[in-house]
Structure formats: C-alpha cells, structure tokens
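# Structural characterization, general
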Amino acid sequence: KNKLAFNDVKDGFWAKALIEEAASKGLVKGMGGSLYKPGKSVTRAEFIAMIVNAFRWGKPLKHETIYSDVKAGDWFYDSVSRAGEMKLLGFITVGKFKP
C-alpha cells in the first residue's frame, strides 16, 4: 500500500482519509500535478475507471469499443473497453459513451 497525498486535500477535510486510502489502493489517481480537485464532479469516464480499478480487471482483452466518442488515445479507453467486455455498459444505447 503506497501512501499518496494531494496538495489540495487539506487536513481537516472530511474525505481526506478516504481519498488517500482510495489513491493508495489504485482506485483513483487524481488530476495530475499532485491535485485531486475534491469539489469537482466525477465524470462518467472517471467513474467507470474507478469501477475497473476497484475490481482489478486490468486491460481489455480485445482493445475495442463500440462508442464513437471513445478513441484509442483517450486515457479512459482501456477502462471503457474493459467495462464493455464485462457487460457493465448495457444502459448506453445511443452509440456514444459521453465520457
């Protein structure tokens, strides 16, 4: 377990311990530059990445996605592809993931 801290999650913040624990387990990675941005809304792409990370599903088997707005260079591509393989995205019926 690697202890991770974010510069914008201050002592006394109600979720500080939870955020640091989630980061140490690899569930969340923050926004880069030692920032977490705790007040920011979670996007669909971030949420799917957290689920895939939580279950340690790893990289997709086929490396493909059926969504026109998810491209191979996107940071969330592997997570969305893997979630699709695990049949978690059946609620999306319009051909767009809307990350």
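Parameters and conventions
Position numbers for residues count from 1 along each chain, tracking the sequence in the order it is written. Note on the predicted model: pLDDT of at least 70 is required for a residue's local features to be given, and 80 or more for side-chain atom pairs to be given and counted; whole-chain, interface and lining totals, by contrast, use all residues. Computation of side-chain values: all heavy atoms of the structure, hydrogens and water removed. Axes, fitted as lines to C-alpha atoms, cover a helix only where it is in contact. Angles between the N-to-C directions of the axes lie from 0 to 180 degrees. The helix count covers DSSP runs of H or I at least four residues long, the strand count covers runs of E at least two residues long, and both are numbered beginning at the N terminus. Should an angle lie under 35 degrees it is considered roughly parallel, over 145 roughly antiparallel, and from 65 to 115 roughly perpendicular; all remaining angles are considered oblique. Handedness of a crossing follows from how the near helix is turned relative to the far one, being left-handed for an anticlockwise turn of less than a right angle and right-handed for a clockwise one. Whether two residues touch is decided by their heavy atoms; if any such pair falls within 4.5 Å, the residues are in contact. The residue classification treats Ala, Val, Leu, Ile, Met, Phe, Trp, Tyr, Cys and Pro as nonpolar and Asp, Glu, Lys and Arg as charged. All others, Gly included, are polar. Classification of ring pairs rests on two measures: the distance between centres of Phe, Tyr or Trp rings, Trp counted by its six-membered ring, which must be within 6.5 Å, and the angle between planes, read as stacked under 30 degrees, edge-to-face over 60 and tilted in between. Whether a residue is buried, partly exposed or exposed follows from its accessible area with a 1.4 Å probe, protein chains only, as a fraction of its type maximum: under 20%, in between, or over 50%, in that order. Each ring is checked for a lysine NZ or an arginine CZ that lies within 6 Å of its centre and within 35 degrees of its normal; such an atom marks a charge sitting over the ring. One side-chain nitrogen of Lys or Arg within 4 Å of one carboxyl oxygen of Asp or Glu is enough to make a salt bridge. Throughout, nonpolar core names a set of buried Ala, Val, Leu, Ile, Met, Phe, Trp, Tyr and Cys residues whose side chains join them through atoms within 4.5 Å.

## Topic: the packing of helix α2 (residues 44–54) against helix α3 (residues 77–85)
Relative orientation of the contacting elements α2 and α3 amounts to 65 degrees, with a least axis distance of 9 Å. In terms of orientation, α2 lies roughly perpendicular with respect to α3. The handedness of the crossing between α2 and α3 is left-handed. Mapping the contact onto sequence places Ile 48, Ala 49 and Val 52 in α2 and Ser 79, Val 80, Arg 82 and Ala 83 in α3. Looking at the contact of α2 with α3 residue by residue, the class counts come to five nonpolar, one polar and one charged.

## Comments concerning the packing of aromatic side chains
What characterises a pair of aromatic rings is the spacing of the ring centres plus the angle enclosed by the ring planes. A full pass over the atoms with the stated rule returns four aromatic pairs. Seen in terms of ring centroids, Trp 75 and Phe 76 are 5.4 Å apart; in terms of plane orientation they differ by 90 degrees. Their pairing is edge-to-face. The class for Phe 76 is buried, based on a relative accessible area of 8%. The ring of Phe 97 carries the charged tip of Arg 44 above its face, separated from the ring centre by 5.8 Å.

## Considering the pattern of salt bridges
In the structure shown here, the tally under the stated rule is five salt bridges. Across the salt bridge formed by Glu 46 and Lys 40, the nearest N and O atoms sit 3.0 Å from each other. Judged by relative accessible area, which is 16%, Glu 46 ranks as buried. The salt bridge involving Arg 82 is made with Glu 85; its shortest N-O contact spans 3.0 Å. In this pair, Arg 82 and Glu 85 are both assigned in helix α3, three residues apart and thus about one turn of the helix distant. Arg 82 gets classed as buried once you look at its relative accessible area, which sits at 10%. Beyond isolated ion pairs, a larger network of salt bridges with shared partners links Asp 11, Lys 16 and Glu 20.

## Here's the deal with unusual backbone geometry
For Ser 34, which is not a glycine, the phi torsion comes out positive at approximately 60 degrees. Notably, Lys 98 is not glycine yet its phi reads approximately 60 degrees, a positive angle. Looking at where Lys 98 falls in the secondary structure, it is placed in the segment after α3. For Lys 98, a relative accessible area of 54% corresponds to the exposed category.

## Overview of the nonpolar core
By size, the foremost hydrophobic cluster in this structure holds 12 residues: Ala 45, Ile 48, Val 52, Tyr 67, Val 70, Phe 76, Tyr 77, Val 80, Ala 83, Leu 89, Ile 92 and Phe 97. Every element with two or more residues in this core is listed here: α2 and α3. Once residues lying within four places of it in the same chain are set aside, the contact partners of Tyr 67 are Val 80, Leu 89, Ile 92, Gly 95, Lys 96 and Phe 97. Ranked by size, the runner-up nonpolar core spans seven residues in total, among them Val 9, Ala 15, Ile 19 and Ala 22.

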